[in-house]
Amino acid sequence: MYLQYVMVLIRGGVPMSFAGTEEPTAYGEIVSIGGLGPSVNKSISAAVAEILESKLSVPKSRFYLKFSDVKVNFENVTEWAFFSLFWLQ
């Protein structure tokens, strides 16, 4: 599994309930332009579970990941390339 660009946002102190309790929990969204599928999603879930458990004490059974595999739109790619070249520097 190879992920070239990854963006992570962690926001603590957000009241959340999962499986009927307010014990430590987490929610995340994984968005990719191609490349996601059952085996990749499983690998990503396992890696995220390990990090959540070891660094944030969130048990592996108390998080949910939403996977979205978006289709490339060359018009959007061109706009993003222009934006990233001229505005993100």
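Summarised in this report is the structure supplied together with it. (Residues numbered from 1 in each chain as written. Predicted model: local features only at pLDDT ≥ 70, side-chain atom pairs only at ≥ 80, totals over all residues. Heavy atoms only, no water.)

## Looking at the nonpolar core
(1) Moving on: Grouped together as the largest cluster of nonpolar side chains are six residues: A26, A49, L52, V58, F63 and L65.
(2) Moving on: For this core, the secondary-structure elements that each account for two or more residues are helix 1 (38–56) and strand 2 (63–70).
(3) Moving on: The residues touching L52, leaving out its near neighbours within four places in the chain, are A26, S57, V58 and F63. (Core = buried A, V, L, I, M, F, W, Y, C linked by side-chain atoms within 4.5 Å. Buried < 20%, exposed > 50% of the residue type's maximum accessible area, 1.4 Å probe, protein only. Helix = DSSP H or I, 4+ residues; strand = E, 2+ residues; numbered from the N terminus. Contact = heavy atoms within 4.5 Å.)

## Some words on a nonpolar patch on the surface
(1) Moving on: Together, V14, M16, Y27 and Y64 line one region of the surface with nonpolar side chains, adding up to about 380 Å² of accessible area.
(2) Moving on: With respect to the helices and strands, the residue Y64 is situated in strand 2.
(3) Moving on: Owing to a relative accessible area of 47%, Y64 belongs among the partly exposed residues under this scheme. (Patch = residues over 30% accessible without salt bridge, like charges linked within 9 Å, V, L, I, M, F, W, Y side chains within 5 Å. Areas by Shrake-Rupley, 256 points an atom, 1.4 Å probe, with all protein chains shown as cover. Salt bridge = Lys/Arg side-chain N within 4 Å of Asp/Glu carboxyl O.)

## Side note on the side chain of S32
(1) Moving on: Tracing the chain through its elements places S32 in strand 1 (residues 26–33).
(2) Moving on: Residue contacts for S32: discarding those within four places in its chain leaves S68, D69 and V70.

## Details of the pairing of strand 2
(1) Moving on: As paired elements, strand 1 and strand 2 share eight bridges and run parallel to each other. Along strand 2, the bridge assignment pairs S32 with D69. (Pairing = 2+ DSSP bridges.)

## Looking at the side chain of R62
(1) Moving on: Considering the arrangement of structural elements, one finds R62 in the loop between helix 1 and strand 2.
(2) Moving on: Here R62 occupies a buried position and makes no salt bridge, while the nearest side chain of opposite charge, E23, is found at 6.3 Å.
(3) Moving on: Only 2.8 Å separates the side chain of R62 from the backbone oxygen of F18, close enough to count as a polar contact.
(4) Moving on: Separated by 3.0 Å, the side chain of R62 and the backbone oxygen of E23 make a polar contact.
(5) Moving on: In this view, R62 contacts F18, A19, T21, E22, E23, P24, T25 and A26; residues no more than four positions away in its chain are not counted. (Lys, Arg positive; Asp, Glu negative; His and termini not counted. Polar contact = N/O pair within 3.5 Å; in protein donor to acceptor, adjacent residues only side chain to side chain.)

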